[in-house]
Structure formats: C-alpha cells, structure tokens
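Fold and contact review
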Amino acid sequence: MQAEATVSQTDETYQACPSCGRRIPAHANYRSWCECGWNLEPSDQDAPQGRIEATYLKLGQRIGKKLLQDMIQDSDAQGKLFRGRLLTNLFSGLVHAVTAALLIGCCYLIVKGMQGYYFFYLLAAVVALAVWFSMPRIPKLSYDGILLSRQEYAALYALVDEICEEMRLPRIDGLILDHRFNASYAQAGWRMKRYVTLGLPLFGILDREERIALIGHEIAHGVNRDARRSFFTLSAYRTLIRWHDLLNPQDSLILERNWAVFLSKNVLKLLSYIPLYMAVGFIHLYYYESQRAEYLADALSAEMSGTEAMMRLNDKLYGEQTFSMALQRYVLNGQQGSFFEAYKAIALAMPERERERIRRVELLEGSRLDYTHPPGAYRIQFLQRHYRSSAKVALTDERSDRIEAELKKAEPRIEARMIQDFQASLY
Ligand SMILES: [Zn+2]
Ligand SMILES: [Zn+2]
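Residues numbered from 1 in each chain as written. Chains lettered and ligands numbered in written order. Predicted model: local features only at pLDDT ≥ 70, side-chain atom pairs only at ≥ 80, totals over all residues.

The chain is annotated in an unreviewed UniProt entry as M48 family metalloprotease from Paenibacillus artemisiicola.

Written out as structure tokens, the structure reads:
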C-alpha cells in the first residue's frame, strides 16, 4: 500500500498520502504515516481475528472507560472482583457439569449394553466421543523457542528470580526465548508450572530498566491469578470454543450443491451459536477481572522498575512494524552480517517522527496492541496516577553486561529461525 516515493533535493524521501494527498516524509526503516490519520493503527493485525476477539474488543469500548475510573478510584473494586469471580466459577461449573452429565450418560448406556441391549453400546460410543471432546485438557507447554537452562543463562535467571522474590512469588519454572516481538506468561502441566517467554526482537532492544519492567509485567500475572489462568475457568472456556468449532464446519462451495449437506450444515451452524453465546457470556463475566489484572500487572511492574521505565517500555511495544520491516529488508536484499546488529542499530536510532507516530497511536481512543490488554491511553493514565519514582530492582553494569552476553549467545539460533519463518511466509 506504499505510495510511490519521490526524492527531493534535500535527499529526504517523501511520498503522497494515499488518503489526503499531503506530502509526507517516507523513511526506509519506519512506517510512513500522515497527520490525517492514515496508517495510524497500532499494528497490522489490528482487525479482530474472530467472533470471540471481536466481542472482546466491543466490550472493551463499552466498559473500558468505566473500568479505568474504577481502577483509578478503586471504588468497590473488591466487591466487584468477588462477584465476578463467583459468577465466572459458577459458569465454568455449568460447562463442566455438561461434560460430567455426558460421562454419566455414557456409563448408563454401557450398563444397558451389558444387560444385553447391544444397540446401547453403539450409543455409548457416540457419547464417549462427546465426553472425550468436551473433557478439560491439561494445558501443555507449547513453545517454539529455546527453553533456557539455569546454568547457561544464570544472569538472566538471577534477574527474574530477584523480581519474583520482590513480588513474594516462588521462582518460575522456566524461561523461554523466542523469535517474536512479544512477551508472555503461561502455566502448563498438571501442576500448572509457570513459564515466561521473552521474544528476543523486543527484549533485545530494551535497556536494563525496561527489561525489568517487561519481566515484571509478565510475572505479575502470576500474582494476580486472573481467571484466564485458573485451570477450572480456562478449561471451561476452551471447551466452549471447541464445541463452537465442532458445530461450525468450514465453508465449502462444492458441498453446498447437495441440499442435504446444505441443510445439515446450516442446522449445525445454528447450533454452534449456543456455545458461542455461552463463550460470549463468559467473556462478559471475566472481562472485568482479566482487564483489571492487566492494570495491576502494570502497577506491580512499575514498582519494580519505576514508572518512567514502564512508560518507555510501553512506547517500545509499538515497534513491531520497525522490526518486521527490518527483517523483510534483510532477507529480501540478501544482507550480510548479523541481522540483530542491523536491527538494533535501527531500533535505537529512532527518529522524532516515529516517536510522534507512537505518541499519536497510543493516545488514539481505544487503540490497543492486543485484544487482551486495555487501550494504550488508559494504561498510560493509570500508570501516571500510580507514579513510582524509584525502582525496587536494579541491575549493576556488570550484571547487565552478563545478561547482554547471554542474549548474544542465543541470537544466531533465533535469527536463523526468524529468517526461515519469513522465507516460508513468502511462498
Ligand atoms: Zn493524509
Ligand atoms: Zn499482560
């Protein structure tokens, strides 16, 4: 969607805004944008991916502002939280009860079958399939990065452990480094082991205080134990989504020519709305709680790193496009040398116009990086209200250098993976 670029006498590149026609600066390394609002979306994947995400976003627009006020004033937050949790658990109980009822039904049919009514075995098999399908699944640890060893990445683990200690949490079970411009927290396995994933493209361009802020935010999700992370509620939610997916088969034009298939497909489609609306109801229930957890995670990590570092981190989160543009250029131009070196140089030499773009995107009403997080403008307002000038965790030069050296060690592997993924996306 890039307009044709023209070179002016001052050696600066300009292009015409596709929306209003104004002459705007075009920088090879950064996203072009215009004062009229063109290209001022937080990210390329901003459009909701499905009905669940769309609902989440719509709800955010409706009650987001109210929630921010509640967070700032802390009015009846405890009461709301309690009611929200109670309802979420009741709702999850309902979903699991359906599965349990199916299981009991299955046992009943088997007993009937044993009494000589062999036809019931067939029915039992069908119900057993439904039970298997609805059963809560143990969340498996899935990652496609490097699970870091405590020996090899001692300095990085030491920092994470220190932040855990400050938050009065046990040590995390694992640290994963991957190739995405992102960071996340996950619990997996029977014992709900805790993992933090750091994307090197993001973590690599942070200064030491911003690194503390990012790790702090992810770990803080473990403190808040939000609904999305409790096994009971999360598995109920996933079951709902599976029911919906099962009942809503993929479109197929060829199949639709047959009226019987057409009819059954549409009946199934109608049925799929039941779990969908249950899931939507579910989102309503835990929306308040999970968004609140995001604010609290921000507040806690600001205690660790100081509010200034947290705000700088928030700005850097908007740099995904700079990263993907750098990667694209590196691969397509067949550049030599380390990608990370080239990319870091670009990310650290951010021009004023890019800063201005980020400021504008952040303040855009309702703009958010990720549908699970509150809008950028709200997060900033909340952070400013709970300003922390000092940091609880700090890194000495020596420790910071050791972390840097450890990350450097992982760079070639992650770089290779990133390039491979990008090349695969071309075909
Ligand atoms: Zn324009
Ligand atoms: Zn978060």
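Okay, back to it.
What follows deals with the overall build of the chain. Counting secondary structure elements, the chain contains 14 helices and seven strands. A total of 427 residues make up the chain; the buried ones form 33% of that total. The long-range share in the chain, meaning contacts at least 24 apart out of those at least 6 apart in sequence, stands at 68%. (Helix = DSSP H or I, 4+ residues; strand = E, 2+ residues; numbered from the N terminus. Buried ≥ 20, exposed ≤ 12 C-beta atoms within 10 Å, placed from the backbone. Contact = placed C-beta atoms within 7 Å.)

This part covers the pairing of strand β5 (residues 174–178). The element β5 is largely enclosed, with a buried count of four among its five residues. Across five bridges, β5 lies against strand β7 (residues 193–199) in parallel orientation. Residue I176 lies in a different strand from β7, and its bridge partner there is T197. (Pairing = 2+ DSSP bridges.)

A few words on the sheet that holds strand β6 (residues 183–188). Taken together, the four strands give an open sheet; going across it, the order is β4-β5-β7-β6, and neighbouring strands pair in mixed fashion. Only two strands of the sheet have a single neighbouring strand rather than two, namely β4 (146–147) and β6. Sheet topology note: the β6/β7 ladder contains six bridges and is antiparallel. Note that in β7 the partner of A186 across the bridge is Y195.

Turning to unusual backbone geometry, a few remarks are in order. As a rule of thumb, non-glycine residues mostly have phi less than zero, and peptide bonds are mostly trans rather than cis. We note that N39 has phi near 65°; this positive angle belongs to a residue other than glycine. Mapped onto the elements, N39 comes out in the loop between β3 (23–25) and α1 (51–73).

For soluble globular proteins, the rule of thumb is that nonpolar side chains tend to be buried together. V160, I163, I212 and I215 are the most contacted members of the largest nonpolar core, which has 62 residues in total. When residues of this core are assigned to their parent elements, the largest contribution, nine residues, is made by helix α8 (residues 259–305). Those residues in contact with V160, other than ones at most four positions away along the chain, are I172, L175, V196 and I215. Listed in part, the twelve residues of the second largest apolar core include F91, Y237, M278 and A279. (Core = buried A, V, L, I, M, F, W, Y, C linked by C-beta atoms within 7 Å.)

Bringing the environment of F120 into the picture now. Assignment of secondary structure puts F120 in helix α3 (residues 119–134). Among the residues examined, F120 registers 18 C-beta atoms within 10 Å and is labelled partly exposed. Between the C-alpha atom of F120 and that of L109, which follows or precedes it by eleven residues, the distance is 5.5 Å. When sequence neighbours within four positions are dropped, the list of residues in contact with F120 reads L109, K112 and G113.

We now examine the packing of helix α10 (residues 320–332) against helix α11 (residues 339–348). α11 packs onto α10 with a crossing angle of 140° between their chain directions and a minimal axis gap of 10 Å. One element, α10, and the other, α11, form an angle in the oblique class. Remark: the crossing between α10 and α11 carries right-handed chirality. For the pair formed by α10 and α11, the contact residues are T322, F323, A326, L327 and Y330 on the first element and F339, A342, Y343, I346 and A347 on the second. (Axes fitted to C-alpha atoms, helices over the stretch in contact; angles between N-to-C directions. Parallel < 35°, antiparallel > 145°, perpendicular 65-115°, else oblique. Left-handed = near helix turned anticlockwise from the far one by under 90°.)

One can describe the packing of α10 onto helix α14 (residues 397–426) by two numbers: an axis separation of 10 Å at closest approach and a directional angle of 80°. Considering the angle they form, α10 stands roughly perpendicular to α14. Facing α10, whose interface residues are L327, Q328 and V331, α14 presents M418, I419, F422 and Q423. Per-class residue counts for the contact of α10 with α14 are five nonpolar, two polar and no charged. (Nonpolar A, V, L, I, M, F, W, Y, C, P; charged D, E, K, R; others polar.)

Let us now look at the environment of L202. Relative to the elements of secondary structure, L202 occurs in helix α5 (residues 200–203). Residue class for L202 comes out buried when judged on the 22 C-beta atoms lying within 10 Å of it. When the C-alpha positions of L202 and F323 are compared, they lie 8.6 Å apart, and in sequence the two are 121 residues distant. Not counting chain neighbours up to four residues away, the residues in contact with L202 comprise F181, N182 and A183.

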